[in-house]
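# Tertiary structure, described
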Amino acid sequence: MSDSDTIRVPKARLREVKAEIDGLQAERTALVAERDQLKQDLAALRTEHDNLRAHLKGSIREIAKLKEQAAEPTEAAAAPDEPEDDTVPAEETPEEDATEPEA
């Protein structure tokens, strides 16, 4: 190295530059640690998301199945083979028996 390539720098300035470099390295290390933690958090959230999605799909299928089962008796009741009649046939009503003349 020749004298023309050499520059003189005060030791105080070298210490400042070294402190700045050390500070940047510490900041980088902290950022790398934070990034790694965020990657782990994201992986955990993705797993939780997938589990919730699977659970919800199963729940939706179960609800659809229950709705189908609930609709089947309603459809049968809406169109029965024989109409439901709660009235008593005329020959069995007690009022008619009381009004008939006795012979």
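Here, the structure is the one placed above.
Since we're looking at a predicted model, the values are computed, not measured.

The next point concerns the overall build of the chain. Each helix and strand counted, the chain has 2 helices and 0 strands in total. Out of the 103 residues in the chain, the part that is buried amounts to 1%. When the accessible surface of the chain is split by element, carbon and sulfur atoms take 56% of a total near 10,100 Å².

Let us now look at the pattern of salt bridges. In total, this model carries 3 salt bridges according to the counting rule given. Its salt-bridge partner being arginine 13, residue glutamate 16 comes within 3.3 Å of it at the nearest N-O pair. With a gap of 3 residues between them, glutamate 16 and arginine 13 both fall in helix H1 (residues 11–78), about one helical turn apart. Glutamate 16 sits in the partly exposed class, given a relative accessible area of 47%. Owing to a relative accessible area of 42%, arginine 13 belongs among the partly exposed residues under this scheme.

Rules and cut-offs
Residues numbered from 1 in each chain as written. Predicted model: local features only at pLDDT ≥ 70, side-chain atom pairs only at ≥ 80, totals over all residues. Heavy atoms only, no water. Helix = DSSP H or I, 4+ residues; strand = E, 2+ residues; numbered from the N terminus. Buried < 20%, exposed > 50% of the residue type's maximum accessible area, 1.4 Å probe, protein only. Areas by Shrake-Rupley, 256 points an atom, 1.4 Å probe, with all protein chains shown as cover. Salt bridge = Lys/Arg side-chain N within 4 Å of Asp/Glu carboxyl O.

From the geometry alone we can't say anything about function, so treat these as descriptive.
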